[in-house]
Amino acid sequence: MAVSSDPEFHPSTLEKWAEAAAKSAPGGTLAGLDWVTPEGLRVKPLYTAQDTSALPNADTMPGFEPYLRGPQATMYAVRPWTIRQYAGFSTAEESNAFYRQALAGGGQGVSVAFDLATHRGYDSDHPRVTGDVGKAGVAIDSVEDMKILFDGIPLDQVSVSMTMNGAVLPVLAGYVVAAEEQGVEQAQLSGTIQNDILKEFMVRNTYIYPPVPSMRIIADIIEYTARHMPRFNSISISGYHMQEAGANQALELAFTLADGKEYVKTAIARGMDVDDFAGRLSFFWGIGMNFYLEIAKMRAARLLWCRIMKGFNARRPKSLMLRAHCQTSGWSLTAQDPYNNVIRTTVEAMAAVFGGTQSLHTNSFDEAIALPTEFSARIARNTQLIIQEETHIPNVIDPWAGSYMMEKLTQDMADAAWAIIAEVEEMGGMTKAVDSGWAKLKIEASAAEKQARIDSGRDTIVGVNKYRLAQEDEIASREIDNVQVRESQIARLAQVRATRDNASVTAALQALQASAESGAGNLLELSIRAIRLRATVGEVSAALEQAWGRHRADTHKVTGVYAAAYESGEGWVAVKEEIEAFAQAHGRRPRVLVAKLGQDGHDRGAKVVATAFADLGFDVDIGPLFQTPAECARQAIENDVHALGVSTLAAGHKTLVPQVIEELRKQGGEDIVVFVGGVVPRPDYDALRRAGVKGIYGPGTPITESARDVLAQIRKQLAGT
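Procedures and definitions
Residues numbered from 1 in each chain as written. Predicted model: local features only at pLDDT ≥ 70, side-chain atom pairs only at ≥ 80, totals over all residues. Heavy atoms only, no water. Helix = DSSP H or I, 4+ residues; strand = E, 2+ residues; numbered from the N terminus. Rg over C-alpha atoms; globule rule 2.2 N^0.38 Å. Buried < 20%, exposed > 50% of the residue type's maximum accessible area, 1.4 Å probe, protein only. Contact = heavy atoms within 4.5 Å. Salt bridge = Lys/Arg side-chain N within 4 Å of Asp/Glu carboxyl O. Pairing = 2+ DSSP bridges. Core = buried A, V, L, I, M, F, W, Y, C linked by side-chain atoms within 4.5 Å. Phe/Tyr/Trp six-rings, centres within 6.5 Å; stacked < 30°, edge-to-face > 60°. Lys NZ or Arg CZ within 6 Å of the ring centre and 35° of its normal. Polar contact = N/O pair within 3.5 Å; in protein donor to acceptor, adjacent residues only side chain to side chain. Expected span 1.5 Å × (residues − 1). Axes fitted to C-alpha atoms, helices over the stretch in contact; angles between N-to-C directions. Parallel < 35°, antiparallel > 145°, perpendicular 65-115°, else oblique. Left-handed = near helix turned anticlockwise from the far one by under 90°. Nonpolar A, V, L, I, M, F, W, Y, C, P; charged D, E, K, R; others polar. pLDDT = per-residue confidence, 0-100.

Thoughts on the overall build of the protein chain
Phase 1 of the analysis: Helices and strands together make up the secondary structure of the protein chain, namely 28 helices and 16 strands.
Phase 2 of the analysis: The C-alpha radius of gyration of the protein chain comes to 26 Å, within 12% of the 27 Å expected for a compact globule of 721 residues.
Phase 3 of the analysis: Reported as C-alpha extents along the three principal axes, the dimensions of the protein chain are approximately 85 × 70 × 50 Å.
Phase 4 of the analysis: For the protein chain, buried positions account for 60% of its 721 residues.
Phase 5 of the analysis: Across the protein chain, every contact between residues at least 6 apart in sequence was considered, and the portion connecting residues at least 24 apart equals 79%.

This is how it looks when you write it as structure tokens:
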């Protein structure tokens, strides 16, 4: 057994420990005490100085290369991280009131969530977004909405983060023009635009245009902001959505840094000097319940980014240091026993702080059920205030430094991620890895494996697969009247169009389209010009779509991963046998279409269910993203399915699910069983059942349980009962 090189540490000490530990270890051996992480890293129960003696970065300082211990020399000892709560819902008026209340209650920055219609570049009156307006974020159609959104918020003093990628040009332009009309110059603006399109093609799916022109948008924004907005971060390279989609920490780290590398290449190819823009790049990490690995991931990220930027011959310290915003996990939150989520978010927030984040959003405990209420949002915000002001955690810079375990785990994480980055480089870079579908399938396989470990009980989720409550209490949730919001947005759109100079708007949009086609000019500059004239988000997006088209992703599913990770078991075998019996009795297997409706591109749940159902023996079809209810019903009928499963995470279920059931009836598919999975507040269950939904499966429902119920509903339908 390896021994320590510490002169005060004797081999006999380690041997005595091993002997004592083995007596209480299962089977009398230490071999079973190692924890193997989802990344395949082996974490030992005990670390000594021997584990860190050969590490190359064990003796570094905060604020100095390679920034492993933090990008600033004093970190939180002088100034704590920024409390930046991500929020947005309904109308600009309601979101503005929420922001102002959050700032008055201790928030230190505004982080805007836009609705899916805005993300996908549609105005609120577009027929494809009837169920999406104002539901999972705030509806923004023009600069008039943006002005209301920031009314009373001094944009020269409050930094603004905007999670926007697909419609990034009109949204960023709207923010710039709203600030101008507030009297704030572009050079005074501080904050971040996400502007990270590669991860959209991998996981979140709020893209609009194909990858190549999308990369041009990124380069134009980096170029424009470097010239005119020196305090503004031109891109936030996001791993958060990868983790939410199922990536383990090594995949999240590797793919995010590889995305960043690709964006730097793109800007350099435009003739920009790396040191002119690299200091304005930032990163965005998801922080889940894997406490040690999350801290190690953030420390390793700074180490690797410094290495990557040195490869581009960056010289300025700000170009070499990785700065990050973090958000606690949304996926780790449970609908069952939801007050447990307060503890989960606290643990995740502490991991982000120990990892050295520059700003942090803490999720509300009810987000697995619905949009946060003011009550739950206050608890989430106060979680950070308590860590900042009551615990004295910020007084020590990188308190994990020197930990044998953490230093070794940081290096192990860096090595694992670097190996994946090297694999991406061999494929020709992240754009090609994304375009081929390889990166997306890697994440989907990781998601299926995780769900199988939970469903089989190998991974414990308190209140879900262990220590379950016999009776769940009702939790108050925020309700958005989608119809009312959409009507108010349509009315404001009509007013904007009636009072502007339409000829000037048309000319500005034509200039934008010409630039997109020719490659000449800066697209953000032209978008700002159009937005000043009161062009809408949808009109700017449509002008670019005329030049480039709208991207449509291929739909694939991984197979065998869920079954392999589930490790069989009586429940699994029993469901497979029931499906085999069905196939023998009816001459074919039960056939299911798994679908997403509206502009909800969050497809982790849909892909995991499709994978698991296929592994169980169902014939499974996956519908393309962004279907209307009529399109979905038509596909279900044409594919002759027994059941249609709608996956929903964006609160559009009360509008879209009844519409798809009505379309099935209109088109002759009334015998198709409809079930719903995802984030559905319990008060909505009765309305969905009255509309004709046969099964509702919230977060945490084991796959075998939902599969057995779907099969039973199909049998009932075929039997006419």
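So, the pattern of salt bridges
Phase 1 of the analysis: Scanning all chains against the criterion turns up 49 salt bridges.
Phase 2 of the analysis: One salt bridge in this structure joins Lys440 and Glu444, with 3.8 Å as the shortest N-O distance. Of the two residues, Lys440 and Glu444 both sit in helix 17 (residues 438-455), 4 residues apart, roughly one turn of that helix.
Phase 3 of the analysis: Given a relative accessible area of 9%, Glu444 falls into the buried group.
Phase 4 of the analysis: Of the charged contacts, one joins Arg550 and Glu545 as a salt bridge, the two residues approaching to 3.3 Å between their closest N and O atoms.

Some remarks on the pairing of strand 10 (residues 324-328)
Phase 1 of the analysis: By the criterion of burial, strand 10 is predominantly enclosed, with 5 of the 5 residues buried.
Phase 2 of the analysis: Neither face of strand 10 is exposed, since Ala324, Cys326 and Thr328 on one face and His325 and Gln327 on the opposite face are all buried.
Phase 3 of the analysis: Pairing geometry for strand 10 and strand 11 (residues 359-361), over 3 bridges, is parallel. The partner of Gln327 across the bridge, within strand 11, is His361.

Quick word on the nonpolar core
Phase 1 of the analysis: The biggest cluster of nonpolar side chains holds 88 residues, and the ones touching the most others in it are Phe255, Leu257, Trp285 and Met430.
Phase 2 of the analysis: Examining the composition of this core, we find that 12 residues originate from one element, helix 11 (residues 291-311), more than from any other.
Phase 3 of the analysis: Excluding its chain neighbours within four sequence positions, the residues that come into contact with Leu257 are Phe283, Trp285, Ala301, Leu304, Trp305, Ile308, Leu322 and Ile421.
Phase 4 of the analysis: Within the second largest apolar cluster, 57 residues are counted, among which are Phe98, Met146, Val171 and Ala543.

Concerning the packing of aromatic side chains
Phase 1 of the analysis: On inspection of all chains with the given rule, the structure shows 20 aromatic pairs.
Phase 2 of the analysis: When the centroid spacing of 5.7 Å and the interplanar angle of 35° are considered together, the rings of Tyr175 and Phe232 count as tilted. Taken together, the residues span a long stretch of sequence, with Tyr175 in helix 5 (residues 168-181) and Phe232 in strand 7 (residues 232-233) at a distance of 57 residues.
Phase 3 of the analysis: Relative accessible area serves as the criterion here: at 0%, Phe232 is assigned to the buried category.
Phase 4 of the analysis: Here Phe613 and Phe618 contribute two aromatic rings whose centre-to-centre distance is 4.7 Å and whose plane-to-plane angle is 25°, an arrangement assigned as stacked. The same class applies to Phe613 as to Phe618, namely buried.
Phase 5 of the analysis: Among the aromatic residues, those joined into a ring-pair cluster are Phe291, Tyr292, Phe354 and Trp400.
Phase 6 of the analysis: When the ring centre of Trp418 is taken as origin, the NZ or CZ atom of Arg307, which lies over that ring, is 4.5 Å away.

Here's the deal with the side chain of His241
Phase 1 of the analysis: Along the chain, His241 falls in helix 8 (residues 240-245).
Phase 2 of the analysis: For His241, a relative accessible area of 10% translates into the label buried.
Phase 3 of the analysis: A distance of 2.9 Å separates the side chain of His241 from the side chain of Ser238, its partner in a polar contact.
Phase 4 of the analysis: Not counting the four nearest positions on each side in its chain, His241 is found in contact with Thr163, Gln194, Lys199, Val203, Arg204 and Phe284.

Concerning helix 21 (residues 537-548)
Phase 1 of the analysis: Relative to the 16 Å expected for 12 residues at 1.5 Å per residue, helix 21 spans 17 Å between its end C-alpha atoms, a close match to the ideal helical length.
Phase 2 of the analysis: Contacts made by the buried residues of helix 21 are with helix 3 (116-119), helix 5, helix 7 (211-228), helix 18 (482-499), helix 19 (502-518) and helix 20 (523-532).
Phase 3 of the analysis: Of the residues flanking the end of helix 21, it is Gly549, one or two places downstream, whose phi is positive at about 80°.

Considerations on helix 17
Phase 1 of the analysis: For helix 17, spanning 18 residues, the distance from its first C-alpha to its last is 26 Å, which sits close to the expected 26 Å at 1.5 Å a residue.
Phase 2 of the analysis: A large share of helix 17 lies buried, amounting to 13 of its 18 residues.

Comments concerning the packing of helix 11 against helix 13 (residues 340-355)
Phase 1 of the analysis: Axis separation between helix 11 and helix 13 bottoms out at 8 Å; the angle between their running directions is 30°. Compared by their axis directions, helix 11 and helix 13 come out roughly parallel. Classified by chirality, the crossing of helix 13 by helix 11 is right-handed. Along the contact surface, helix 11 presents Phe291, Glu294, Ile295, Met298 and Arg302, while helix 13 presents Val347, Met350, Ala351, Ala352, Phe354 and Gly355.
Phase 2 of the analysis: Counted by class, the contact of helix 11 with helix 13 contains 8 nonpolar, 1 polar and 2 charged residues.

Some words on the side chain of Asp603
Phase 1 of the analysis: Relative to the helices and strands, Asp603 resides in the loop between strand 12 (591-595) and helix 24 (604-616).
Phase 2 of the analysis: Residue classification places Asp603 among the buried residues on the basis of a relative accessible area of 8%.
Phase 3 of the analysis: If we ignore the near neighbours within four places in the chain, the residues touching Asp603 are Val203, Asn205, Lys440 and Leu625.

A word on the sheet that holds strand 14 (residues 643-648)
Phase 1 of the analysis: Taking strand neighbours across the sheet as the criterion, the 5 strands line up as 13-12-14-15-16 in an open arrangement whose pairing is parallel. Each edge of the open sheet carries a strand with a single partner, namely strand 13 (619-622) and strand 16 (695-697). Neighbour-to-neighbour, the strand axes of this sheet turn through a mean angle of 20°, independent of strand direction.
Phase 2 of the analysis: Pairing of strand 12 with strand 13, which is carried by 4 bridges, proceeds in the parallel orientation. Of the residues in strand 13, the one forming a bridge with Arg591 is Asp619.
Phase 3 of the analysis: Its contacts with the sheet put helix 26 (residues 653-666) on strand 14 and strand 15 (673-678), and the angle it makes with strand 14 is roughly 165°.

Considerations on the environment of Gly239
Phase 1 of the analysis: With respect to the helices, strands and loops of the structure, Gly239 is situated in the loop between strand 8 (235-238) and helix 8.
Phase 2 of the analysis: Separated by 54 residues in the primary sequence, Gly239 and Leu293 have C-alpha atoms spaced 14 Å apart.
Phase 3 of the analysis: If near-sequence neighbours (up to four positions away) are discounted, Gly239 is found in contact with Glu252, Thr256, Phe284, Trp285 and Gly286.

A word on the confidence of the model for the protein chain
Phase 1 of the analysis: With 96% of its residues at a pLDDT of 70 or more, the protein chain shows a mean pLDDT of 91.
Phase 2 of the analysis: When mean pLDDT is compared element by element in the protein chain, helix 20 scores highest at 98, while helix 22 (residues 561-566) scores lowest at 77.
Phase 3 of the analysis: Here residues 1-5 is modelled with pLDDT under 50, and outside its nearest four sequence neighbours on either side it reaches 15 contacts, counting other chains as well.

Regarding unusual backbone geometry
Phase 1 of the analysis: The omega torsion of the bond from Glu65 to Pro66 falls at 5°, within 30 degrees of zero and hence cis.
Phase 2 of the analysis: Examined against the element boundaries, Pro66 turns out to sit in the loop between strand 2 (42-43) and strand 3 (82-87).
Phase 3 of the analysis: Notably, Asn195 is not glycine yet its phi reads approximately 55°, a positive angle.
Phase 4 of the analysis: Within the secondary structure, Asn195 is located in the loop between strand 6 (191-193) and helix 6 (197-204).
Phase 5 of the analysis: Among the residues examined, Asn195 registers a relative accessible area of 2% and is labelled buried.
Phase 6 of the analysis: For Arg534, which is not glycine, the phi torsion reads 80° and is therefore positive.
Phase 7 of the analysis: For Arg534, the location among the structural elements is in the loop between helix 20 and helix 21.

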